[in-house]
Amino acid sequence: MVRNYLKIALRNLRSQRTYTLLNVVGLTIGMAGGLLIFLFVRYHLSTDRHHANFDRIYRIVLDLHLDDGSVEHYPEAPLPMAKALRTDYPQVEQAAFLMANRSLTVSIPQPGQAPKRFLEHDGTALTEGELFQIFDYQWLSGDPKKALREPNTVVMTESWARRYFGTSNPIGRTIELNHTINATVTGIIADPVQPTDTNIGLFISMPTLRQLDPDFNITAWGQLNSNYRLYCTLNDNSPATAKRVEATFPDLSKKHFGDVAHAFQFHIQPLADVHFDVDRVGGVIRPSLLWSLELIGLFLVLTACINFVNLATAQAFRRSKEVGVRKTLGSSRVQLAWQFLLETGLIVIVATALAVGVALLSLPLFNNWVHIQLSLKPDPSILLFISLLTLTVSLLAGGYPAFVLSGFSPWASLRGKLTAAIVGGYSLRKGLVILQFVVCQALLIGALVVMKQMNFIRQTDLGYRQDNILTVNLPLSEKKSWEAFKNELRQYPGIKSVTLQYRPPSANVMNGGSFKFGAKNDWTNFPVRERLADADYLKTYNLKIVAGRNITEGDSIREYVINETLLHKLGFRDPQAILGKRMQYYLSSVPMPIVGVVRDFHQKSLREVIAPCFIATYPTMYKQAGIRISGASSTQTLAHIRTVWQRLYPNDVFEYEFLTDQLDKFYETETTISKLANTFALMAMVICGLGLYGLVAFTVGQRTKEIGIRKVLGASVASIVTLLSRDFMKLVLLAILLASPLAWYTMNEWLAGFAYKINIAWWVFALAGMFAIGLALLTISYQSIKAALMNPVKSLRSD
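Residues numbered from 1 in each chain as written. Predicted model: local features only at pLDDT ≥ 70, side-chain atom pairs only at ≥ 80, totals over all residues. Heavy atoms only, no water.

Novice: Explanation requested: the overall build of the protein chain in the structure shown.
Specialist: In terms of helices and strands, the protein chain carries 27 helices and 25 strands. Looking at the 799 residues of the protein chain, the share that counts as buried comes to 52%. The long-range share in the protein chain, meaning contacts at least 24 apart out of those at least 6 apart in sequence, stands at 80%. Here the protein chain has roughly 36300 Å² of accessible surface; of this, 57% comes from carbon and sulfur atoms. (Helix = DSSP H or I, 4+ residues; strand = E, 2+ residues; numbered from the N terminus. Buried < 20%, exposed > 50% of the residue type's maximum accessible area, 1.4 Å probe, protein only. Contact = heavy atoms within 4.5 Å. Areas by Shrake-Rupley, 256 points an atom, 1.4 Å probe, with all protein chains shown as cover.)

Below, the structure is given as structure tokens:
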């Protein structure tokens, strides 16, 4: 019997090629989109869940409560807190401190030739051996309990060992760190299981810190940095245990921070929350974005199923006589239902195979957009998802048509007496089309708003010059020659200006602290942000002075140039009035004068408000050179900079980055959202077009004789097209009215994350509506014109 069902199903699908193709295309698009979204969501939800103690691992984080009532969130904790957790907290099984390095030069000795050198920006960290008792790593060589116990020892992953040493055994080999320390390789571990937020390839023993940074005070609780992390494992996964530990942190802060302990509030954060904590440095993605993508994926699959229902019921009249004949010959309703479900299943299986193929072909581009490496390897979770997706779509898409078609009366079917009421669900199908267009319209509005906000970001004046500026990380071991490097670059005609700096005007991390102003001995109740650089900083970035003058060179903080926000925060309106006033930053032992005021500039992304800020000299803090080059002959200029570098710093790797590329990284998430929104909106539009095509086909089939009569009575093609289009345009307009407030609320919530943002203008909704109306007219017109041009004699003779 199954073989007979299969033969009939294949025959029916072949005879209705257009119907089959539309269903396959719609389901393929919807299921491919759903599959890509599943891979993306699964990746983020599975981050670090491979660790055996995942539900008992926590991170210590800091909330800094400022006197003005604001709270700043940081992912860090002080180094000595790790020891305190290990020794004073019975609930803590293990604790480990991790200090990530932002820039580290690694040299690999080569017998008889120059060493190989690598400039590592990410993936290196100083840490304690206890880290390997908290997180699961597969050890290939070495003893995890002893590998990082001694100073000048390192552990590296298999891929890093291969990059440094090729195929030779790295255990016992020596590497040089920052040209000052010879460290011995004491352990090799397998590459971390992905996905993980701790992508460290080179682990340096914490005792090595004394040599890498002799000025670092390992006992100071106030020494904090966004590169510091403190992890611990509790003896159980009970939330009550974590709360008991956190409840003691205020006393710990009071012990080590004294009168300012109220400002330093530490919290214990489950590892499950770390990946999604975007309010702190290192957070990757908001959970709300994942849920939104899940809903989009669900709607893509659902709208594809709606298409199937509409197209299947549009075919009901064509198959009514088949149903009548088969029922007359003894087929039961259950047998007919299985027949129709089998046809649906065949279409869905083909669509599933094509969807997997489309997803595979799209993955390289998709991975480039989302900046992660997703794969479609047939692991159990993917196979289960594809199986459930196939089964669910088969039931959703095929259940209703099978129920309707198998329920036809044989008498009504054979006599051609079927009506829309008998076929059933005409109002339901209209409702489904409205739902489709609501989703499509909402996605279109969302895509337009994201695109408009991204254009606003690109066009916003940041208060300084960003084009043709590159930054070069300076070798910390060669500070005495930095001025020579700067002066030699300035002599080249293709270089307009050079400054030595700690950071450019806009940076991901905001350094700052307390200060005193005027004759007051008390620290102000708000922090000030710092931009430490030499006197060429303003010239290089074209920062505009609105009053006073630029700073002069100094070996420490000698003068301040402040921004307009700090001017106003201190209660001044006239920038001239603040000149000569003195302020004392915590890095300076005495008050120094304010000599200038610059126009406000953005220190971070447009998500953040412009903060009170100053510019001052402090050479011991400089880490970079900011170089403004001429737009012409930039290739030769870059080659000249490299030549000068290699002559002055032959042992250091030369790397540079354009400032515009750094600024683009601020908005990687928004850029990804924009690309995904555009893609899914386009997919939804195609699916909506197919769904509307199905409903129009159904209606035209119902009104064939009416159209013939109208033509015989003299109706024009235009009037018939208008007649057929009018009802459908009402559905589209209703969908636009329903989608607009929903999209407005959702996108306003998204825009709330930006301190500087667009207002959603009326034309955004109008433009999205025009897209939807244009799509509907294009789809409806084809079927309507085709029906209006049909020979009326043929229409009236059709049974």
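Novice: Looking at this structure, how should I read the side chain of Gln-624?
Specialist: Secondary-structure assignment places Gln-624 in strand β24 (residues 624-629). Gln-624 sits in the buried class, given a relative accessible area of 13%. Of the polar contacts made by the side chain of Gln-624, one reaches the side chain of Asn-473; its length is 3.4 Å. Once residues lying within four places of it in the same chain are set aside, the contact partners of Gln-624 are Thr-471, Val-472, Asn-473, Leu-474, Thr-499, Leu-500, Gln-501, Tyr-502, Arg-503 and Pro-504. (Polar contact = N/O pair within 3.5 Å; in protein donor to acceptor, adjacent residues only side chain to side chain.)

Novice: In this structure, what is going on with the side chain of Gln-436? I would like to understand it.
Specialist: Along the chain, the position of Gln-436 falls in helix α16 (residues 426-459). Among the residues examined, Gln-436 registers a relative accessible area of 0% and is labelled buried. In this view, Gln-436 contacts Thr-303, Ile-306, Asn-307, Asn-310, Ile-687, Cys-688 and Gly-691; residues no more than four positions away in its chain are not counted.

Novice: Can you help me understand the packing of helix α17 (residues 482-490) against helix α21 (residues 634-648) in this one?
Specialist: A packed helix pair is summarised by two numbers, namely the angle formed by the two axes and the spacing between the axes. Close contact between α17 and α21 brings their axes to 11 Å; oriented N to C, the two are set at 150 degrees. Taken together, the axes of α17 and α21 lie roughly antiparallel to each other. In the packing of α17 onto α21, the handedness of the crossing is right-handed. Across the interface between the two elements, Ala-484, Phe-485, Glu-488 and Leu-489 from α17 touch His-640, Ile-641, Val-644, Trp-645, Arg-647 and Leu-648 from α21. A per-class count over the contact of α17 with α21 returns seven nonpolar, one polar and two charged. (Axes fitted to C-alpha atoms, helices over the stretch in contact; angles between N-to-C directions. Parallel < 35°, antiparallel > 145°, perpendicular 65-115°, else oblique. Left-handed = near helix turned anticlockwise from the far one by under 90°. Nonpolar A, V, L, I, M, F, W, Y, C, P; charged D, E, K, R; others polar.)

Novice: How should I be thinking about the pairing of β24 in this particular structure?
Specialist: Walk down a regular strand and you will see the side chains alternate between the two sheet faces. The element β24 is extensively covered by neighbouring structure, given that six of its six residues are classed as buried. Residues of β24 alternate between two faces, with Gln-624, Gly-626 and Arg-628 on one and Ala-625, Ile-627 and Ile-629 on the opposite face, all of them buried. Looking at chain direction, strand β14 (residues 469-473) and β24 are connected through five bridges and run antiparallel. Within the sheet, the bridge partner assigned to Asn-473 lies in β24 and is Gln-624. (Pairing = 2+ DSSP bridges.)

Novice: Mind showing me how you'd approach a nonpolar patch on the surface here?
Specialist: Together, Leu-302, Leu-396 and Leu-435 line one region of the surface with nonpolar side chains, adding up to about 220 Å² of accessible area. Mapped onto the elements of the fold, Leu-302 is located in helix α10 (residues 287-314). On the basis of relative accessibility, which here comes to 31%, the residue Leu-302 falls in the partly exposed class. (Patch = residues over 30% accessible without salt bridge, like charges linked within 9 Å, V, L, I, M, F, W, Y side chains within 5 Å. Salt bridge = Lys/Arg side-chain N within 4 Å of Asp/Glu carboxyl O.)

Novice: Could you clarify how one ought to interpret the packing of aromatic side chains in this entry?
Specialist: Aromatic ring pairs: the centre-centre distance and the angle between the two ring planes describe each pair. Using the criterion set out here, one finds 30 aromatic pairs in the structure. Measuring from ring centre to ring centre gives 6.2 Å for Phe-666 and Tyr-667, while their planes differ by 75 degrees; the resulting arrangement is edge-to-face. For the pair shown, Phe-666 and Tyr-667 are each scored as buried. Seen from the ring of Trp-160, Arg-163 lies directly overhead, with NZ or CZ sitting 4.6 Å from the centre. One cation-aromatic arrangement involves Lys-569 over Phe-526; the distance from NZ or CZ to the ring centre is 5.2 Å. (Phe/Tyr/Trp six-rings, centres within 6.5 Å; stacked < 30°, edge-to-face > 60°. Lys NZ or Arg CZ within 6 Å of the ring centre and 35° of its normal.)

Novice: Would you mind going over the nonpolar core with me for this structure?
Specialist: Generally speaking, a soluble globular protein has its nonpolar side chains buried in company with each other. Counting 97 residues, the largest nonpolar core has Phe-40 and Phe-437 as the members making the most contacts within it. Take this core: its biggest share by element is 15 residues, from α16. Sequence-distant contacts of Phe-437, that is, excluding residues within four places in its chain, are made with Cys-688, Leu-692, Val-732, Ala-735, Ala-772, Leu-775 and Ala-776. Grouped together as the second largest cluster of nonpolar side chains are 54 residues, Leu-126, Leu-209, Tyr-228 and Leu-230 included. (Core = buried A, V, L, I, M, F, W, Y, C linked by side-chain atoms within 4.5 Å.)

Novice: Is there a simple way to explain the packing of helix α24 (residues 704-712) against helix α25 (residues 717-751) in this structure?
Specialist: Taken N-terminus to C-terminus, the directions of α24 and α25 make an angle of 150 degrees; their axes are 10 Å apart at the nearest point. Classified by the angle their axes make, α24 and α25 are roughly antiparallel. Relative to α25, α24 is oriented so that their crossing is right-handed. Residues Glu-706, Ile-707, Arg-710 and Lys-711 of α24 form the contact with α25, whose own contacting residues are Ile-720, Leu-723 and Leu-724.

Novice: What should I look at first to understand the confidence of the model for the protein chain in this one?
Specialist: One rule of thumb: low pLDDT means the predicted coordinates there are not for detailed reading. For the protein chain, per-residue confidence averages 86 on the pLDDT scale, and residues scoring 70 or more make up 88% of the total. Below a pLDDT of 50 lies the segment residues 411-415, which in the model reaches 12 contacts outside its immediate sequence neighbourhood of four places, other chains included. (pLDDT = per-residue confidence, 0-100.)

Novice: Looking at this model, I keep getting lost on α17. Mind explaining?
Specialist: Spacing of three or four residues puts side chains on the same side of an α-helix, whose turn is 3.6 residues. The complete set of buried residues in α17 reads Trp-482, Phe-485, Lys-486 and Leu-489. Along the long axis of α17, the arc covered by the buried residues comes to 95 degrees, so they all point the same way. (Arc of directions from axis to C-beta.)

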